[in-house]
Amino acid sequence: MPYETEVLIIGGGATGLGCALDLALRGIGCILVEKGDLASGTTGRYHGLLHSGGRYVTSDPQSARECARENVILRRIMPHCLEDTSGVFVVTPWDDADYADQFVANCHAAGVAVQELPLAELQRRESLLNRAISRAFELHDGSADSFLAARSLALAVESAGARIFSYHQLERLIRMGDRVVAGVVTDRRSGEQQRIDCAYVLNASGAWAGRVAALAGVQLTLVAGKGTMVAMNHRMVNTVVNRCKYPADGDIIVPIHTVAVLGTTDLHVPDPDHYGIEAHEVALLLAEGEKLIPGLSRYRALRAWAGVRPLYQDSGQRGGADRAIPRTFKLLDHRERDGVAGLISLVGGKWTTYRLMAEEAVNLVAQRLGKLQPCRTAHEVLPVPATEHRAHLPPLRGAAARYGAQTEHKATWPINGLAQPWGQNEIQGLDADYYYLGQHLGAVEQSQAAGDLICECELVTRARVLTALEQGIHTLDDIRRTLRVGMGPCQGGWCVYRTAALLYEVQQTQAQDAPIDPNMALRDFLQARWKGALPILWGDQLRQARLDEQIYVGLLGVDLIADS
Amino acid sequence: MHYDTIIIGAGLAGLSAALRRAALGERVLVLAKGYGASGWTAGCVDVWAAGDAPLSALATLVRSRPQHPYALVGLEALQRGLEWVRTLAAAAGYPLVGGWERGLRLPTALGALRSTCLVPLTMVAGESRQLADGPLLIAGLRELRDFFPPLIAENLRAQGYAATGCYLQMPPGERQRECTPLHVAQCFEQAHVRANIGQQLRTHVRQGGYRRIGLPGVLGLHQAPAVVAELQALSGALIFEIPTLPTSVPGLRLFHVFEQAALAAGVRMQVGGWVVRAEAEGQQLVAVYSRAAAREQRHSARRWVLATGGMLGGGLRSDAHGHIIETALGLPVAKPYSRAEWFDPLLFAPGGHPIFQAGIAVDPQLRPLDAEGRVVYENVAVVGGALAHYDELREGCREGVALATGYGEEQKNR
Amino acid sequence: MLDHCIKCNICTNACPVAAVSDRFPGPKYVGPQAQRFRRVGQPVPDAAVDYCSGCRICNLVCPTGVPIAELNARARAQMVAERGLPLRNWLIAHTDLIGRLSAGPQAPLVNALLGWAGTRWLAEQCLGIHRHAPLPRATRYPFRARKQPRLGRGKQVVYFHGCATRAYEPHVGAAALAVLARQGYEVLVPPQNCCGLPLLSNGDFAAARRAHMANVRHLWPYVQAGVPIVGTSTSCTLTLKEEAPELLDLHSHEVQAVAAATYDIFEFLRHLAERGELCDAVRPLEQELPYHMPCQYRAHRIGQPVVDVLSMIPGLRLKLSPAASCCGIAGTYGLKREKYALAQAVGRPLFSFITQTGSSLALCDSETCRWQISHATGVATKHPIELLAEAYEL
């Protein structure tokens, strides 16, 4: 039996999920398919910046304008995914001092709020920053947990009645004449194939959009711009720090959760699924980071990873560096562009503007389908997943109050007229405030759960792991993305063994179609961590890797166990 | 204060050397940055991981890899070391059993079977050859977050053993939170805890007819063999311990055997004595300096033993540029040529990673050599994990090399 | 600094507080682990860090060199800055003031008052100082150097007596002066105030900074003249050497010079012995005595100077307390109502070691440890310098 729906969305990143929620809230049926876990593509592989728009005021003012607008909206609808770090753009001795005034002017022109920060105040806030910084400007940057945002979106999507199939690979798009009418997907766990009939296919697969388009016989060329990042073991800064210059490699440090992320590089890669991290990229990030934080390379790096930006360039604009390609998004109606109806591609853009991209795409689809409901995603506060186990702590002084974020919109959820009302757990979303660094430490203290931590580095309790497992999160990597298990300094030394064992125990109590082999899961996870660690293995992290090896080879004998 | 011998490092290698020299009447000081890697091990004596017959494998090894520490000190040194450690442990009331003629394989906390040579009495009932003699119970405590009986049992079943996993109840009144392996071990030193757990085990044995029971390696810190004996009597089954994650109680026990013997032998131990630099006259090391409050402390001695371990122990440290330094004395390090050769892309590659064979190259007297093969210090011996040209972890020879070089060092440097 | 942590749990296993209490999740947890979740300007969300007694055993056993106790002290200070210092902690942290108020002619009255159960009950109810906590008895005759030599050319040394010697144990100071004089030193006792350790360990960094800078001002002229500073209180000397400069980020030349010139008295005597300048005219003492090296003394990381120096006394046999044992008092920690029982539990292995020796006297360098040991075991305690003075027949 084929499924039938109005819109089939390809891609479970922020954009695809945003489209699904927007469609669902307008009462348009949709199914989202994702070949891996939600947010396992570029969405989960970026530095986590909530853009103020400042980075684009010069190179791409339209993007800057969009970011500034969306920044305010996201603070309203998903405060629990955001940390209100604020951001500074600083002029170092390596930067053109004359650019600063132009930067401020461009900010004003693009509607991006900016104010000069006295250097004394900068040093008071961020004592490790280079003392040779000559000017600093504060903007409304923040950091965003894109994994949590994806799960919150997914929760909202499913509650609004739409379906999400993760771990489903799109095999074919079926055309009737010049119209796409269905997609065929394979469940990667069971191997079963499924046909999904639809009126429209919304291609939100980011760097993979060219491949999806090709399945419909449409040529769509994307530049896969690989950006490499390095996570440092702790937050040397608590403010997003940007170099005040035309965007370039290695010019930003984003404090997110317990780490500081150095970003990024920009290199063409031919294949968004296969790329390595080069030693020179890591060296460049550290060298550029030194200009912001002297002595940075002596701090401990945890791992390096890369994501691929889906950069789209209209034909005729070719040539020039990647950074010159506009970061704004493009909505491609393949009926107009290629004469193939029923297929719309969303390319380019950035995490911060996912909602706007979705809104514009859905506007087009809705118009074609003759549905007239307006977009509501800018006002509906997203629910907080139950795995968050948020502590009720005294409010932070001054931190969250600044944007008056959610107060006036709190009451809008649940949505009137929705088929399924929110469950008790999701109602927690109403009390959501910004995430802050001490949140989990406070929650562990409050529940006296320090002795029951499964991941000690990222403070993940057994209760949260079990909640996640019981909700149907199955792979160790999904658990990592959901709870940050294994993302701290020990990179899985203790926690992954514990999590794999709990996974096995939970699977024993639940009937599973395709249970996961805990031994294989453990080995695969460790191998994936190893790959990310290799580019930065020296000093303390190398010692840690050896201790982890002592645990897994010397004590547990992971290498001696055959897959069951 | 002047010493006959100063030993840098308080792992098994360093303490073996200290005990040997103290036994000969020397004034010995052990300087250690902290407690060493011995607490991170299974608390067994690993000699060689290959197969059932380590001895014959080693006979081949010393011919094929002349730079391997075993080849340098000779297998007699290893044999003497093994005999000595057995005597030492037995005298401390914590007997080690087994030998190098026939390897032993014991279950891990994942249910794999790991090779070793000497094991404490508390583990011996888990030896794989006997494990198949009947139904087997793996029992743990939920409060202990490093031991998961269902998974261990599953993996043992997959290897043909009739294993079942279960959780026991922590006796009431005991710690319910913050249960580190050491804390649980301290609980087992109390009679009412043993009685309660023994009773629970007895019930399981009655129901399941188990012949053997595997428990986490937390059965007491100081009186472990007696705890095991008592639980055996109470439960009616043979009990064996399975070592847990760092810091493991069996690892600590073995360390305590060495530490207590050293203190009893008059060895001075200075934990927190972090050696940062050396003072030499020609090829003689004259003094070292350790970090202390406000100023460094100088230590002088006639002879020196460097036992600071490798990358794990902290004797070696690398930086982002591919340099590797020996942290205490600044000795030259033998290492793979470039960073590109440090690692295998596969974490569990059978040969391990070349970087972990980096270390100090030595002559047959264990004296450190520079890149040209010249002796750096004539009065320094390097022992244990700091040595080059072997991988203590992947080759499964950590304690074997520690004993062979640590205990054997003195004979090379009279 | 927290970057060095490889999560190996060695510190948690060695921590004497975590060993006896569920309330303290251990040094790894509250130290390098929790530190990644703390941020200046946001409240410290984990009050559990206050259960760190500051004994620094974690620092010593850490194989990677993480200064865990310092991380904890800073977190506590951040908490105090956030929430304010409770009156009880303010009082017990101002040892100098309390000592000055109680020592002197009024001492018998003060002692009688504090010896009365009713007062102690009241102090527990109103202030939170445990009614059984070991409080010292004030002296009628506070320590003071009789005649004060001038800073001059000869062999001179400054004696840093600390609050306890002044207000409660003048005999320790007298012994120190006599032993130093026996080595041919003129002993100077310039004005000085509290080293600031109780303030540091209660999180009042601002007051500790004032105390330390005042001491630096007092001591600097002597240090400049090349005169070493010698103390009998191991925690005072550790504070001058390291704790205050590091925790308070004081790194001026004067602070560093004072730190570098400060010695524990037995460390100083050991230096003399190494140079062959230590007077060895001691009489034999046929005794076997338990000796507890205080945690704050181990934190100097200079080995066992007392054992080294006293080894010249014929017949004296020291029985060393178990490695990494702690009496639990940790300065003011064990006085607090909510921590008293915990501190007693921490000390239990040490107490049973001392009672098992059967000795009626135990040696220990730190005053609060001595009070705690005597309180818990009933065994009399002495500073080792008093024993050395006896051996010199002073």
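Predicted model only: the values in this text are computed from it and were never measured.

Draft legend 1. Here's a closer look at the domain arrangement of chain B. All names here are of chain B. With domains assigned, chain B is organised as domain 1 (2–95 + 252–412) and domain 2 (109–242). Taking only C-alpha atoms, the centre of domain 1 and the centre of domain 2 are 33 Å apart. With 18 residues of domain 1 at the contact, the number on the domain 2 side is 20 residues. Taken together, both faces of the contact between domain 1 and domain 2 bury some 1,400 Å²; the carbon and sulfur share is 59%. It is Cys44, Pro95 and Arg253 in domain 1 that bury the most area against domain 2; as a group they hold 36% of the surface buried on that side. Inspection of the domain 1/domain 2 interface yields 2 salt bridges. Here Asp46 ties to Arg114 by a salt bridge, and the two come within 2.9 Å at their closest N and O atoms. Summed over the shared surface of domain 1 and domain 2, the number is 9 residue pairs in polar contact (both at pLDDT 80 or more).

Draft legend 2. Summary view of empty space enclosed by the protein. What the rule picks out here adds up to 17 cavities of 30 Å³ or more. Taken together, 22 residues line the largest cavity, and the ones lying closest to its centre are Glu456 of chain A, Arg145 and Thr180 of chain B together with Asn9 and Thr12 of chain C. Counting residues per element, the ones that place at least two in the lining of the largest cavity are helix 1 (10–14) and helix 2 (27–35) of chain C. When residues in the lining of the largest cavity are grouped by element, the largest group, 3 residues, is from helix 2 of chain C. Here the residues of the lining of the largest cavity are counted per class, giving 9 nonpolar, 7 polar and 6 charged. By volume, the second largest cavity is sized at about 180 Å³.

Draft legend 3. Spatial organisation of the nonpolar core. In this structure, Tyr552 of chain A together with Tyr70 and Phe258 of chain B are the most contacted members of the largest nonpolar core, which totals 216 residues. Looking at this core element by element, the count peaks at 9 residues for helix 14 (residues 495–509) of chain A. Among all residues touching Tyr70 of chain B, those that are not within four sequence positions of it are Val47, Trp48, Leu58, Leu61, Val62, Leu75, Leu78, Cys397, Gly400, Val401 and Ala404 of chain B. The next biggest cluster of nonpolar side chains, apart from the first, holds 55 residues, and it includes Leu38, Leu346, Met357 and Ala378 of chain A.

Draft legend 4. How the structure looks around the domain arrangement of chain A. All names here are of chain A. The assigned domain composition of chain A is domain 1 (3–42 + 147–221 + 324–369), domain 2 (82–142 + 223–314) and domain 3 (439–560). Every contact between the two is made by 8 residues of domain 1 and, on the other side, 7 residues of domain 3. When domain 1 packs against domain 3, the two sides together hide about 690 Å² of surface, and 54% of this comes from carbon and sulfur. When the buried surface of domain 1 facing domain 3 is broken down by residue, Phe147, Arg151 and Arg189 rank first, second and third, together holding 65% of it. Linking domain 1 to domain 3 there are 2 salt bridges. Among the ionic pairs, Asp478 bridges to Arg189, the shortest N-O distance being 4.0 Å. Linking domain 1 to domain 3 there are 3 residue pairs in polar contact (both at pLDDT 80 or more). Looking at the side of domain 1 that touches domain 3, its residues break down into 4 nonpolar, 1 polar and 3 charged.

Draft legend 5. Expanded view of the environment of Leu238 of chain B. Residues and elements named next belong to chain B. With respect to the element layout, Leu238 can be found in strand 10 (residues 238–242). As a C-alpha pair, Leu238 and Arg80 span 158 residues in sequence and 31 Å in three-dimensional space. If near-sequence neighbours (up to four positions away) are discounted, Leu238 is found in contact with Ala125, Arg211, Arg212, Ile213 and Gln232.

Draft legend 6. Spotlight on the interface of chain C and chain B. Counting residues at the interface gives 39 residues for chain C, matched by 30 residues for chain B. When the two sides are added together, the surface that chain C and chain B hide from each other amounts to roughly 2,800 Å², 48% of it contributed by carbon and sulfur. Looking only at chain C, the three residues that lose the most surface to chain B are Asn13, Asp22 and Arg301 of chain C, adding up to 24% of its buried area. Of the charged contacts, one joins Arg268 of chain B and Asp308 of chain C as a salt bridge, the two residues approaching to 2.6 Å between their closest N and O atoms. Applying the counting rule to chain C against chain B returns 12 residue pairs in polar contact (both at pLDDT 80 or more). For the side of chain C that touches chain B, the secondary structure elements donating two or more residues are helix 1, helix 3 (57–61), helix 13 (234–247), helix 14 (253–261), strand 4 (262–264), helix 15 (265–274) and helix 17 (305–310) of chain C. Taken together, the residues of the side of chain C that touches chain B sort by class into 20 nonpolar, 11 polar and 8 charged.

Draft legend 7. Up close: the interface of chain B and chain A. Chain B puts 51 residues into the contact, and the matching count from chain A is 45 residues. For the chain B and chain A pair, buried surface summed over both sides reaches about 4,600 Å², with 61% attributable to carbon and sulfur atoms. In this structure, the connection of chain B to chain A is made through 5 salt bridges. Across the pair Arg546 of chain A and Asp391 of chain B runs a salt bridge, and its minimum N-O distance is 2.8 Å. In this assembly, chain B and chain A are joined by 27 residue pairs in polar contact (both at pLDDT 80 or more). Breaking the side of chain B that touches chain A down by element, the ones donating at least two residues are strand 5 (113–116), helix 6 (149–158) and strand 15 (316–318) of chain B. Split by residue class, the side of chain B that touches chain A holds 25 nonpolar, 10 polar and 16 charged.

Draft legend 8. Structural detail: the packing of aromatic side chains. Scanning all chains against the criterion turns up 17 aromatic pairs over all chains. Between the aromatic rings of Tyr3 of chain A and Phe165 of chain A, the centroid separation amounts to 5.4 Å while the plane-to-plane angle is 40°, which identifies the pairing as tilted. Of the two residues, Tyr3 of chain A is situated in strand 1 (residues 3–10) and Phe165 of chain A in strand 9 (residues 163–165); the sequence distance between them amounts to 162 residues. Assessed through its relative accessible area of 27%, Tyr3 of chain A is described here as partly exposed. When the ring of Tyr168 of chain C is compared with that of Trp371 of chain C, the centres are 5.7 Å apart and the planes differ by 85°; the resulting orientation is edge-to-face. You can see Tyr168 of chain C sitting in the loop between helix 9 (162–167) and helix 10 (170–182) and its partner Trp371 of chain C sitting in helix 19 (residues 367–377), a full 203 residues away along the chain. Take Tyr168 of chain C: its relative accessible area is 16%, and that puts it in the buried class. Residue Trp371 of chain C is classed as buried on the basis of its relative accessible area of 18%. One aromatic cluster is present, formed by Phe89, Tyr99, Phe103 and Phe137 of chain A through successive ring pairs. Arg277 of chain B extends its terminal NZ or CZ atom over the ring of Tyr289 of chain B, reaching a point 4.0 Å from the ring centre.

Draft legend 9. Expanded view of unusual backbone geometry. Across the junction of Pro246 of chain B and Thr247 of chain B, the peptide omega takes the value -5°, indicating a cis bond. With phi around 50°, His257 of chain A is a residue other than glycine that occupies positive phi space. Here His257 of chain A is to be found in the loop between strand 15 (252–256) and strand 16 (259–263). Given a relative accessible area of 7%, His257 of chain A falls into the buried group. Unlike most non-glycine residues, Asp249 of chain C shows phi in positive territory, near 55°.

Cut-off values and rules
Residues numbered from 1 in each chain as written. Chains lettered and ligands numbered in written order. Predicted model: local features only at pLDDT ≥ 70, side-chain atom pairs only at ≥ 80, totals over all residues. Heavy atoms only, no water. Domains from an automatic or database assignment. Contact = heavy atoms within 4.5 Å. Buried area = accessible area lost by both parts, 1.4 Å probe. Salt bridge = Lys/Arg side-chain N within 4 Å of Asp/Glu carboxyl O. Polar contact = N/O pair within 3.5 Å; in protein donor to acceptor, adjacent residues only side chain to side chain. 1 Å grid on protein atoms, 1.4 Å probe; cavity = no way out; pocket = protein on both sides within 12 Å on 5 of 7 lines; lining within 4 Å. Points joined across faces, edges and corners; volume = space filled by probe spheres on them. Helix = DSSP H or I, 4+ residues; strand = E, 2+ residues; numbered from the N terminus. Nonpolar A, V, L, I, M, F, W, Y, C, P; charged D, E, K, R; others polar. Core = buried A, V, L, I, M, F, W, Y, C linked by side-chain atoms within 4.5 Å. Buried < 20%, exposed > 50% of the residue type's maximum accessible area, 1.4 Å probe, protein only. Phe/Tyr/Trp six-rings, centres within 6.5 Å; stacked < 30°, edge-to-face > 60°. Lys NZ or Arg CZ within 6 Å of the ring centre and 35° of its normal.

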